[in-house]
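Structural overview for review
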Amino acid sequence: MDGQTAGKSDGTPPDDRTGGDTPHSGGGPRPEPLRFFGTTWVDHDAGPRGYAARRAGVSLGSLAAAALGSFVLRFAYDGLRIADVGSLVSVLMVVMFAICSALAFGHTWGSFTRRPDPDRQASLRGLLAIGFIGSLMAYFVRSLKEAPGESLHREEYEAARARHQKRSTRRTGNPSRRRRGKA
């Protein structure tokens, strides 16, 4: 499961995951892994395969993929020009890719701060495919600041840890030793 669609199928955040085999859990909720980052986003793990190296890789990879995609779209535009379909079709193609890229950028950028609605995500699949350059540019720009989706996952993880802490400290002592009120 990737970091953008993990959780329940209705788009709600994932439940607390309990277990004690990860260093971050301590018997409480586990951090949800992000695509390309795993759980390195929790403590910004160092090292050659750590958080900073992965952020640099995502930045460069998304920028290179966007450049390659633009290069392929240039060939498509040249093919239309060679086919002599007319200037109206060429202009419509450029405008279509520009609008779809802008909408895909906005949708992808928004999905870094809130969970997208699965039904809306499914209905926008075609638009996001056409505007793939916008999505790649959103990944590039966001990875300059943090791992894409890190703030959303950090909020959910901190809230889950706080809920777990509240539940685990709610009861103290042995309940059988409580004094019973005299009736």
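Residues numbered from 1 in each chain as written. Predicted model: local features only at pLDDT ≥ 70, side-chain atom pairs only at ≥ 80, totals over all residues. Heavy atoms only, no water.

1. Here we look at a nonpolar patch on the surface
Taken together, the side chains of Leu 68, Phe 71, Val 72 and Phe 75 make up a nonpolar region of the molecular surface, amounting to roughly 440 Å² of accessible area. Within the fold, Phe 71 resides in helix H2 (residues 51-83). (Patch = residues over 30% accessible without salt bridge, like charges linked within 9 Å, V, L, I, M, F, W, Y side chains within 5 Å. Areas by Shrake-Rupley, 256 points an atom, 1.4 Å probe, with all protein chains shown as cover. Salt bridge = Lys/Arg side-chain N within 4 Å of Asp/Glu carboxyl O. Helix = DSSP H or I, 4+ residues; strand = E, 2+ residues; numbered from the N terminus.)

2. Focus on unusual backbone geometry
A positive phi is found at Asp 84, a non-glycine position, where the angle reads about 55°. Position of Asp 84 relative to the elements: it lies in the loop between H2 and helix H3 (87-111). We classify Asp 84 as exposed; its relative accessible area is 66%. (Buried < 20%, exposed > 50% of the residue type's maximum accessible area, 1.4 Å probe, protein only.)

3. Here's the deal with the nonpolar core
Grouped together as the largest cluster of nonpolar side chains are 11 residues: Leu 34, Phe 37, Trp 41, Val 42, Tyr 51, Val 58, Phe 112, Ala 138, Tyr 139, Ala 147 and Tyr 157. If you list the elements that add at least two residues to this core, you get helix H1 (40-43), H2 and helix H6 (132-145). (Core = buried A, V, L, I, M, F, W, Y, C linked by side-chain atoms within 4.5 Å.)

4. Some words on the side chain of His 153
Its location among the elements puts His 153 in helix H7 (residues 150-169). Take His 153: its relative accessible area is 3%, and that puts it in the buried class. From its side chain, His 153 meets the backbone oxygen of Gly 149 in a polar contact 2.8 Å long. (Polar contact = N/O pair within 3.5 Å; in protein donor to acceptor, adjacent residues only side chain to side chain.)

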